[in-house]
Amino acid sequence: MIIKNEKCKNLSRNEIINIIKLLKLVWPPKDNNFTKVEDEVDNYIKSNKNSEVILIIENDILIAHAKTFLRKIFYNNNSLEVMALSGVCVSPNKRGEGLGKKLILKAFKKIDNSDYKVCLFQTEIPLFYKKLGAKIINNRFYNNKDKENSQKNPWRDNYIMIYPNNYKWPNEDIDLNGHGY
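Residues numbered from 1 in each chain as written. Predicted model: local features only at pLDDT ≥ 70, side-chain atom pairs only at ≥ 80, totals over all residues. Heavy atoms only, no water.

## Details of the pattern of salt bridges
Next up, step 1: Applying the stated criterion across every chain, the model contains eight salt bridges.
Next up, step 2: For Glu15, the salt bridge is made with Lys4, and the minimal N-O distance between the two is 2.3 Å. With Glu15 in helix 1 (residues 13–26) and Lys4 in strand 1 (residues 2–7), this pair connects stretches of sequence that are eleven residues apart.
Next up, step 3: For Glu15, a relative accessible area of 18% corresponds to the buried category.
Next up, step 4: For Lys4, a relative accessible area of 23% gives the class partly exposed.
Next up, step 5: Between Asp42 and Arg13 there is a salt bridge, and its shortest N-O distance comes to 3.8 Å. Taken together, the residues span a long stretch of sequence, with Asp42 in helix 2 (residues 37–47) and Arg13 in helix 1 at a distance of 29 residues. (Salt bridge = Lys/Arg side-chain N within 4 Å of Asp/Glu carboxyl O. Helix = DSSP H or I, 4+ residues; strand = E, 2+ residues; numbered from the N terminus. Buried < 20%, exposed > 50% of the residue type's maximum accessible area, 1.4 Å probe, protein only.)

Written out as structure tokens, the structure is:
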């Protein structure tokens with residue numbers, strides 16, 4: 001088993017195709033509108049040029065993925081750079097083997113090593129992350145970049161969390177400065 005931490009801009013085309021296939025396996029399109037994976041590679045490269053991925057590969061097959069990137073958010077005339085965490089997934093036939101925990105601990109190491117101050121993410125499984133040192137936050141979020149409805153909550157999941165749980169997080173409303181991830 002190989003755990004790889006790589007900048008997205010350094011990924012091979014084949015690695016990107018495997019990432020897209022895994023993401024589609026875990027989160028199939030809701031409208032059943034499956035586009036060809038090959039057609040999505042250029043968009044992936046363009047939209048992830050400043051991101052990093054953590055990949056777990058077994059027998060040359062991608063079985064787990066997480067993505068991190070810098071996001072500057074705003075609150076009460078202040079800004080804060082956070083490590084965004086997204087796309088955390090494990091192949092359905094590999095769940096229950098501790099791979100999700102390995103991914104997250106590797107991602108959180110960037111906080112522990114002071115690469116970032118805090119990690120901000122959304123989830124539907126908060127207990128998993130709480131066990132790893134994260135906590136739920138209850139700020140109101142909005143996205144000033146959304147020209148149609150800037151006050152709409154940009155997150156899709158029910159729980160917004162930060163790591164580490166002892167980080168002094170602001171109580172104010174937060175401009176996520178982009179869509180939820």
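Still more ground to cover, so stick around.
## Remarks on the nonpolar core
Most often, soluble globular proteins have nonpolar side chains that are buried together.
Next up, step 1: Ranked by internal contacts, the top residues of the largest apolar core, which has 22 residues, are Leu85, Leu103, Phe108, Cys119, Phe121 and Tyr129.
Next up, step 2: Listed by contribution, the elements that provide at least two residues to this core are strand 2 (52–58), strand 3 (61–75), strand 4 (78–90), helix 3 (99–112), strand 5 (119–123) and strand 8 (159–163).
Next up, step 3: Of the residues forming this core, the biggest block, six residues, is contributed by helix 3.
Next up, step 4: When residues no more than four places from it in sequence are discounted, the contact partners of Phe108 are Leu85, Cys119, Phe121, Tyr129, Leu132 and Tyr163.
Next up, step 5: In this structure, Ile73, Ala84, Ile162 and Tyr181 belong to the second largest nonpolar core, which totals 18 residues. (Core = buried A, V, L, I, M, F, W, Y, C linked by side-chain atoms within 4.5 Å. Contact = heavy atoms within 4.5 Å.)

## Examining the layout of surface pockets
Next up, step 1: Of the volumes computed, that of the largest pocket is approximately 1,700 Å³.
Next up, step 2: Every residue lining the largest pocket is counted, 50 residues in all, and those nearest its centre are Trp27, Ser86, Gly87, Arg156 and Tyr181.
Next up, step 3: Ranked by residue count, the leading element in the lining of the largest pocket is strand 4, at six residues.
Next up, step 4: Tallied by class, the residues present in the lining of the largest pocket amount to 19 nonpolar, 17 polar and 14 charged. (1 Å grid on protein atoms, 1.4 Å probe; cavity = no way out; pocket = protein on both sides within 12 Å on 5 of 7 lines; lining within 4 Å. Points joined across faces, edges and corners; volume = space filled by probe spheres on them. Nonpolar A, V, L, I, M, F, W, Y, C, P; charged D, E, K, R; others polar.)

## Details of unusual backbone geometry
Next up, step 1: Going from Tyr163 to Pro164, the amide bond is cis rather than trans, its omega being 5°.
Next up, step 2: One can find Pro164 in the loop between strand 8 and strand 9 (174–175).
Next up, step 3: Despite not being glycine, Asn77 has its phi angle at roughly 65°, a positive value.
Next up, step 4: Within the secondary structure layout, Asn77 lies in the loop between strand 3 and strand 4.
Next up, step 5: Relative accessible area serves as the criterion here: at 81%, Asn77 is assigned to the exposed category.
Next up, step 6: Within the chain, Asn177 stands out as a residue other than glycine whose phi angle is a positive 60°.
Next up, step 7: Along the chain, Asn177 turns up in the segment after strand 9.

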